[in-house]
Amino acid sequence: MSPTATLDPDLQRALSDPGFTPGRRHFAALMDQLEAAGEPAELAERALRRAGAAALPAALDRAAGAAPSLRAPLTRLVGKLMAAAPLDPEVAERALGHLLACLRDDDRRTRRMAAVALGKLPAADAGRPLAAEALAEAARGEPSPDVRRALIDALGKVGGSAAIEALAELGGDLSELAGVRARAELLARRTLSRGELSEIAGDRAPERPVRVAVRCRRGLEAIVAEELAALDEGSAGGGLAPELRSDPCGGTRVEVTLRGRLDALFGARTMLSFAFPLPLRKLDEGQDLAAAVAERLLSRESREILRRFTVGAIRYRIDWAGGGKRRAAVFRVAAAVEAEAPELVNDPTQSTWDVVVYEGAGRVRVELAPRLPDPRFAYRRGDVPAASHPTIAAALARIAGVRGDDVVWDPFVGSGLELCERAQLGPYRRLVGSDRDPRALQIARENLDAAGARGAELLQRDACGAPPPGDAPTLILTNPPLGRRVERTGDLDAMLDRFVEGAARALAPGGRLVWISPFPERTEAVARRSGLRPEAQQRVDMGGFDAQIQSFHKAALRPQVIHDRRDGRRGDRLDRPAAGRGGRGPQQAELRGEQHRPPRQEERHDHRDHDPDPPRAVGRRVGGEIAVVGPPDGRRRRRGG
């Protein structure tokens, strides 16, 4: 192995930055590093992959005359860069030719890297049949067991009829790799149905009433139940009758009885997902989990649901609620299901159903979650860092309630989701959002217009400064930046204190503050001192950390009979907030830190549940009573503690 070239110090420092994207002038030096072992090679490859398709021609040029010690990592890099879209057709054809040629390379590692890369060709790549033929030919004469294994695995991933035929021909020669070949055949067969239609029929109702599990962010279960109960009004098919359920196997969820259309469940804006739970299956110690999952998936209840709500091919993927991929277990499930019901196709890349598996207390719970397009938040035209999750925004708006004369202000408007969700619920007099970031205001404008929030006003100003000009807000509805993935300074709590004090002054008499606090005890104390009365408070999962939804109410001006000491007559006056800290005035403060925004994968439901006890009400005991969120009309129901 030739000695690895020393990197320029500036380039060496840049490699430690995960956001560094190299330019063409860096490609040669970084490709030299691929020959090194350990971290230098890994950092160089990651940087080249960030460059994407631009680095592919340079990698092909360099691989043509490279020594075997560099040719193998360069072949691996070519395969990675081919996944960068879009590619110039000529460059893509050249890259495919390079990989096919490498299947005959003298170097074992290079052949293996080429096989792995060919197994990851995009589904729409026109070279897949050619790749299948080359992989099959290479597998017949390959002397190295690990390379043969890679070739067979790649054949399964390429798929199609050519790959299936090639794998069948290889059966007699590769008996020692029978398990690998069986898995490859299963993978290859699932590609045959990919040209067929496969979608969920959301406009269909079940043939008979069926249970549905509705899941949400932890802490919002009672709000989801109320939304689902509201859908019952005028329902021709009968009520959903939502119930809060919790057990060690299935966690906490809301269950309903579905009689009408499946897509009617999207009327609950605070839910994350819904699924059809299959009957629990007891799992004895030492019993194969995969066999139990396959048995549930092949049950009468499962097939009835899958056939009723699927148009075309039935494709599914397995999702383990406890985390992990468990590839061996997935293969055993898929093989057992295919043997009895070949119409059920395990296809994780183009599935229309998620088969979600829960385990606990010696039981297995399988839920069938349809991948139905969600129409609820189609107004989202853009986003900003640390923006609210739309279901959280919907929960805040519902807790705040609807009043036709509301003047609504969001001082941390961000991408505007809270105002969008408030506009979805009902009439208002005025919507105002403010933010320091002009880019956020531009995105909020696009979202509000798409949501039909006509007349919404957006202002550039600090949240702790003066309120918007004009009528005092009757509702301050906001989700301030809270999170963990950005800077959280030591004075964040003091800044939020000043915000609460300013909000109390800005609110009109009888107004409400509904927001999310990372320091609930502290902000509640500040709110009380500022003349705000707590109404509902609930811990909620923000996607990796907990915060608290808080709803406060400002006392209304009310007539009070008093004795006028000057003339001895009785008369009326209006109670007003005490002077001093209640006076209005701008507070200049900078609120640092942003709310953690879940990654795209998390926008689907996180099936893990760390709070097995179902909440009886959205709220905790406040002043001897439990505040329960009522219907979206701004009223509250109370029940004794």
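Residues numbered from 1 in each chain as written. Predicted model: local features only at pLDDT ≥ 70, side-chain atom pairs only at ≥ 80, totals over all residues. Heavy atoms only, no water.

### Some points on the overall build of the protein
For clarity, the cut-off: The helix count covers DSSP runs of H or I at least four residues long, the strand count covers runs of E at least two residues long, and both are numbered beginning at the N terminus. For each residue, the accessible area found with a 1.4 Å probe, counting protein chains only, is set against the maximum for its type, and the residue is called buried under 20%, exposed over 50%, and partly exposed in between. Here, two residues are considered to be in contact whenever any of their heavy atoms come within 4.5 Å of each other.
Along its length, the protein carries 21 helices and 23 strands. Within the protein, buried positions represent 53% of all 641 residues. Taking as baseline every contact in the protein between residues at least 6 positions apart, the subset at least 24 positions apart corresponds to 72%.

### As for the packing of helix α7 (residues 108-118) against helix α9 (residues 145-158)
The condition that has to hold: For helices, the fitted axis covers only the stretch in contact; all axes are lines through C-alpha atoms, and the angles between them, taken along N-to-C directions, range from 0 to 180 degrees. Between 65 and 115 degrees an angle is taken as roughly perpendicular, under 35 as roughly parallel, over 145 as roughly antiparallel, and anywhere else as oblique. It is the rotation of the near helix from the far one that decides the hand of a crossing: anticlockwise by less than a right angle makes it left-handed, clockwise makes it right-handed.
Taken N-terminus to C-terminus, the directions of α7 and α9 make an angle of 15°; their axes are 8 Å apart at the nearest point. It follows from the interaxial angle that α7 and α9 lie roughly parallel. In terms of crossing hand, the pair formed by α7 and α9 is left-handed. Contacts between α7 and α9 involve Arg108, Arg111, Arg112, Ala115, Val116 and Leu118 from the first element and Asp146, Val147, Ala150, Leu151, Ala154 and Val158 from the second.

### Notes on the environment of Ala139
Mapped onto the secondary structure, Ala139 falls in helix α8 (residues 128-141). Assessed through its relative accessible area of 2%, Ala139 is described here as buried. For the pair Ala139 and Leu103, spaced 36 residues apart in sequence, the C-alpha to C-alpha distance is 9.4 Å.

### Description of the confidence of the model for the protein
The following threshold applies: Values of pLDDT, ranging from 0 to 100, describe the predictor's confidence in every residue of the model.
Averaged over every residue, the pLDDT of the protein is 82; residues scoring 70 or more account for 82%. This stretch, residues 484-488, has a pLDDT under 50; its non-local contacts, to residues over four places away or in other chains, come to 15 contacts. Every residue in residues 560-641 is under pLDDT 50, and counting partners more than four places away or in other chains gives 201 contacts.

### Here we look at the packing of helix α5 (residues 68-82) against helix α6 (residues 89-102)
Definition in use: Only Asp, Glu, Lys and Arg are considered charged, only Ala, Val, Leu, Ile, Met, Phe, Trp, Tyr, Cys and Pro nonpolar, and every remaining residue, Gly among them, polar.
Axis separation between α5 and α6 bottoms out at 10 Å; the angle between their running directions is 145°. Here the hand of the crossing between α5 and α6 comes out left-handed. Residues Thr75, Val78 and Met82 of α5 form the contact with α6, whose participating residues are Ala92, Ala95, Leu96, His98, Leu99 and Cys102. Classifying every residue of the contact of α5 with α6 by side-chain character gives seven nonpolar, two polar and no charged.

### Focus: the packing of aromatic side chains
Rules: Only Phe, Tyr and Trp rings are paired, with Trp represented by its six-membered ring, and only when their centres lie within 6.5 Å; those with planes under 30 degrees apart are stacked, over 60 edge-to-face, the remainder tilted.
Going through the model one piece at a time under the given rule, you end up with six aromatic pairs. Centre to centre, the rings of Phe266 and Phe274 are 5.5 Å apart; their planes meet at 65°, and the pair counts as edge-to-face. Its relative accessible area of 6% is what places Phe274 among the buried residues. Their ring planes at 50° and their centres at 6.3 Å tell us that Phe276 and Trp353 sit as a pair that is tilted. In this pair, Phe276 is assigned in strand β5 (residues 273-277) and Trp353 in strand β10 (residues 353-360), connecting sequence segments 77 residues apart.

### A few points about unusual backbone geometry
With a phi close to 50°, Ala241 is a non-glycine residue in the positive phi region. By the element assignment, Ala241 lies in the loop between α12 (221-230) and β3 (243-247). In this structure Ala241 comes out as partly exposed when scored by relative accessible area, which is 44%. With phi around 50°, Arg326 is a residue other than glycine that occupies positive phi space. Note on placement: Arg326 falls in the loop between β8 (314-320) and α15 (327-340).

### With respect to the pairing of strand β13 (residues 430-435)
To be explicit about the condition: Note on pairing: two strands pair once DSSP finds at least 2 bridges between them. For crossovers, right-handed means that the path from the first strand over the helix to the second runs clockwise, given strands pointing away from the viewer.
Most of β13 is tucked away, with six of its six residues classed as buried. Neither face of β13 is exposed, since Arg430, Val432 and Ser434 on one face and Leu431, Gly433 and Asp435 on the opposite face are all buried. Across four bridges, strand β12 (residues 407-410) lies against β13 in parallel orientation. Bridge pairing links Asp410 to Gly433 in β13. The parallel pair β12 and β13, bridged by helix α17 (residues 417-425), forms a crossover whose chirality is right-handed. Sheet topology note: the β13/strand β14 (residues 457-460) ladder contains four bridges and is parallel. By the bridge assignment for β14, Gly433 is matched with Leu458.

### Some remarks on the nonpolar core
Convention followed: Only buried residues count toward a nonpolar core. Its members are Ala, Val, Leu, Ile, Met, Phe, Trp, Tyr and Cys residues joined through side-chain atoms within 4.5 Å.
Counting residues in each nonpolar core, the largest one holds 85 residues, and the members touching the most others are Phe276 and Trp353. Examining the composition of this core, we find that seven residues originate from one element, helix α16 (residues 390-400), more than from any other. Contact partners of Phe276, with chain neighbours within four places excluded, come to Val210, Arg211, Val212, Leu258, Leu262, Ile305, Phe309, Trp353, Val366, Glu367, Leu368 and Pro370.

### Observations concerning α7
Inspection of α7 places Thr110, Arg111, Met113, Ala114, Ala115, Ala117 and Leu118 among the buried residues, and these make up the whole buried set. Along its buried surface, α7 packs onto α5, α6, α8 and α9.

### With respect to the side chain of Thr523
Looking at where Thr523 falls in the secondary structure, it is placed in helix α20 (residues 520-529). With relative accessibility at 1%, the residue Thr523 sits in the buried group.

### A short note on the sheet that holds strand β17 (residues 532-541)
Strand order in the open sheet formed by seven strands is β14-β13-β12-β15-β16-β18-β17, and the pairing between neighbours is mixed. Two strands lie at the open edges of the sheet, namely β14 and β17, each paired on one side alone. Shown here is a sheet whose adjacent strand axes are inclined to one another by a mean of 20°, direction ignored. Note: strand β16 (residues 512-517) against strand β18 (residues 546-554), six bridges, orientation antiparallel. Directly across from Leu513, in β18, lies its bridge partner Phe552. Strands β12, β13 and β15 (475-477) of the sheet are contacted by α17, whose axis makes an angle of about 170° with β13. Helix α18 (residues 438-450) rests against β13 and β14 of the sheet, and its axis sits at about 175° to β14.

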